[in-house]
Amino acid sequence: MKLIDAIERQLRQLDEQSLTRERRVIDTPCKPRLMVNGRALLAFASNDYLGLAAHPRVVDALREGADLYGAGSGASHLISGHSLAHQRLEDRLAEFVGAHLESARALSFCTGYMANLAILTTLGADGDAQIFSESLNHASLIDGARLARAAVKVYPHADLAALGALLAASNATAKLVVTDSVFSMDGDIAPLPELLALCEEHGAWLVIDDAHGFGVLGAHGRGALEHFNLRSPNIVYMGTLGKAAGVGGAFVAAHASVIELMIQRGRPYIYTTAAPPALAHALMTSIDIIGGDEGASRRAHLQSLIAAFDEQIDLKRWQRVPSATAIQAIVIGTNEEVLRIGAGLHGHGLWVPAIRPPTVPEGTARLRVTLSAAHTHDEVAQLAAVLNDLERT
Ligand SMILES: *Cc1c(COP(=O)(O)O)cnc(C)c1O
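Quick caveat, the model's predicted, so the values are computed rather than measured. (Residues numbered from 1 in each chain as written. Predicted model: local features only at pLDDT ≥ 70, side-chain atom pairs only at ≥ 80, totals over all residues. Heavy atoms only, no water.)

Trainee: Help me out: how do you make sense of unusual backbone geometry in this one?
Mentor: Leaving glycine aside, a negative phi is the common case for residues, and trans is the common case for peptide bonds. For the bond from Pro-357 to Pro-358, the omega torsion is 5°, close enough to zero to count as cis. Position of Pro-358 relative to the elements: it lies in the loop between strand S13 (354-355) and strand S14 (365-370). Backbone geometry places Asn-37, a non-glycine residue, at a positive phi of 45°. Looking at the element boundaries, Asn-37 is found in the loop between strand S1 (33-36) and strand S2 (39-43). (Helix = DSSP H or I, 4+ residues; strand = E, 2+ residues; numbered from the N terminus.)

Trainee: Before we go on, may I ask you to explain the UniProt feature "binding site: pyridoxal 5'-phosphate" (unreviewed entry) in the chain in this structure?
Mentor: Mapped onto this structure's residue numbering, the UniProt feature "binding site: pyridoxal 5'-phosphate" (unreviewed entry) falls at Gly-112, Tyr-113, Ser-184, His-212 and Thr-240. These annotated residues cover 129 residues of sequence, and their C-alpha atoms all fall within 13.5 Å of one another, placing them together at a single site. Mapped onto the elements, Tyr-113 comes out in helix H5 (residues 112-123). The residues touching Tyr-113, leaving out its near neighbours within four places in the chain, are Ser-140 and Asp-143. Of note, Ser-184 is situated in the loop between strand S6 (175-180) and helix H8 (192-202). Among all residues touching Ser-184, those that are not within four sequence positions of it are His-138, His-212, Ile-327 and Arg-368. (UniProt positions renumbered as here; feature names shortened; annotations may be inferred. Contact = heavy atoms within 4.5 Å.)

Trainee: It is not clear to me how the sheet that holds strand S10 (residues 319-320) should be interpreted in this structure. Could you clarify?
Mentor: Hydrogen bonding along the main chain pairs the strands of a sheet, whether they run parallel or antiparallel. Read across the open sheet, the four strands follow the order S10-S11-S14-S13; overall the sheet is antiparallel. Looking at strand neighbours, the two that pair on one side only are S10 and S13, the edges of this open sheet. Lying over the sheet, helix H13 (residues 293-312) contacts S10, strand S11 (327-333) and S14, oriented at roughly 30° with respect to S11. Relative to S14, helix H14 (residues 335-347) is tilted by about 35°, and along the sheet it contacts S11, S13 and S14. (Pairing = 2+ DSSP bridges. Axes fitted to C-alpha atoms, helices over the stretch in contact; angles between N-to-C directions.)

Trainee: Would you take a moment to explain the nonpolar core for this structure?
Mentor: As a rule of thumb, soluble globular proteins bury nonpolar side chains together. One finds Phe-214 and Ile-330 to be the most contacted residues of the largest nonpolar core, which totals 76 residues. Shared between two domains, this core takes at least three residues from each, and those domains are domain 1 (19-48 + 293-391) and domain 2 (56-291). Ignoring anything within four residues of it in the chain, the contact list for Ile-330 reads Phe-309, Ile-313, Leu-315, Trp-318, Gln-319, Arg-320, Ala-365, Arg-366, Leu-367, Val-369 and Leu-387. Core analysis: the second largest hydrophobic core is formed by 29 residues, Ala-145, Val-178, Val-252 and Val-258 among them. (Core = buried A, V, L, I, M, F, W, Y, C linked by side-chain atoms within 4.5 Å. Buried < 20%, exposed > 50% of the residue type's maximum accessible area, 1.4 Å probe, protein only. Domains from an automatic or database assignment.)

Trainee: Where do I start with the sheet that holds strand S5 (residues 151-155) in this structure?
Mentor: Taken in spatial order, the seven strands line up as S3-S9-S8-S7-S6-S4-S5 in an open sheet, and their pairing is mixed. Of all the strands in the sheet, the pair left with one neighbour each is strand S3 (104-109) and S5. Within this sheet the neighbouring strands show an average axis-to-axis angle of 20°, counted without direction. Helix H4 (residues 84-97) contacts S3, strand S8 (235-240) and strand S9 (250-255) of the sheet and is inclined by roughly 135° relative to S3. Strands S5, S6, strand S7 (205-209) and S8 of the sheet are contacted by H8, whose axis makes an angle of about 155° with S7.

Trainee: Help me understand the UniProt feature "domain: Aminotransferase class I/classII large" (unreviewed entry) in the chain in this model?
Mentor: With numbering matched to this structure, UniProt assigns "domain: Aminotransferase class I/classII large" (unreviewed entry) to residues 42-386. Note that residues 42-386 is 43% helix and 17% strand, and that its end C-alpha atoms are spaced 12 Å apart.

Trainee: What is the right way to read the packing of H14 against helix H15 (residues 377-392) from this model?
Mentor: Two measures define how a pair of helices packs: the angle their axes make with one another and the distance between the axes. Contact geometry of H14 with H15 gives a least axis separation of 11 Å together with a crossing angle of 130°. Relative to H15, the element H14 is oriented oblique. When you trace H14 past H15, the crossing you get is right-handed. Contact with H14, carried on its side by Ile-341, Gly-344 and Leu-345, involves Leu-383, Val-386, Leu-387 and Leu-390 of H15 and no other residues of that element. For the contact of H14 with H15, the class distribution of residues is six nonpolar, one polar and no charged. (Parallel < 35°, antiparallel > 145°, perpendicular 65-115°, else oblique. Left-handed = near helix turned anticlockwise from the far one by under 90°. Nonpolar A, V, L, I, M, F, W, Y, C, P; charged D, E, K, R; others polar.)

In structure tokens form, the structure reads like this:
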């Protein structure tokens, strides 16, 4: 048998289970109206919650960043790739979320995936440490926990009593409670104040992945920490910069000594080329917009779209996951059915991604609608009407 046969068998198995994924080719900037494989579609598919990915000021800043710093960083941060643009961005981010931490410092990363690996492998390096991981956590947190030497315990979704019992029974040298703030495939928000109280009671770190909260939650867009007005030296905060901030990358904010240890020991931080400085330069403009009046009015528009969708959608068979955020999941059930509905939406010129296992649990294949401040009320009404229709046919 040829080597390639085993590979092709795996691909056939995926196909038989309706689990094959395909990449669609977009040749327009990230906006609600896209050219997708050569066809115009109205998309509810991106994580560009504030519509900054194609914002003229951010795009201009990226161009200016390229003029100032060139195309690439040339090396990792600890060799010669750490530019003034990275340093300024880190200082700005530390100031932006620092009121919620103690002696805050921020560290920038190429991606949120890598930031999560760095947090968990640095704080969970000791084999006698324990990671308490929420069951619906993002894949990057699951992979970070696997890569860490610490033992991993998974607690059921939002189950404070179960987590409390696990923490009380633990005599680990270091304890890390790890959770998404806004769950990426469900849209609900973790009970962070209660989780923090448990962490403080049991001497545990609270690692918060705010990929879908940073820029969107809180009066000034400072994310889940501002939304709940949390303040604690136990918090290790991760925000991504490719979603609401519209560019790419991520950052970790925590006590300066935690950050210093990540610089010294965090392999996903150390052994990779620094992101192009122009991205950091563009992100300064994103943060200005997020923290200013324009950010506030974009968040207010997004909230009004979320309320309108909630009011207009009227489903009998499909299950909506209760959510007050821009992520609105509609659980359909089987992989075949969700693909069929996805194709039906496509027929109406709409694009909503069909999410299947292993991204979500078996039997809970779903449509994941994401709303953005770049959408209009008419566009949201159109989506709700088509979904209501499709459910009845
Ligand atoms: C998108 C996402 C990440 C990864 O961030 P990237 O910058 O895209 O690598 C991490 N956690 C959650 C919850 C996410 O949704």
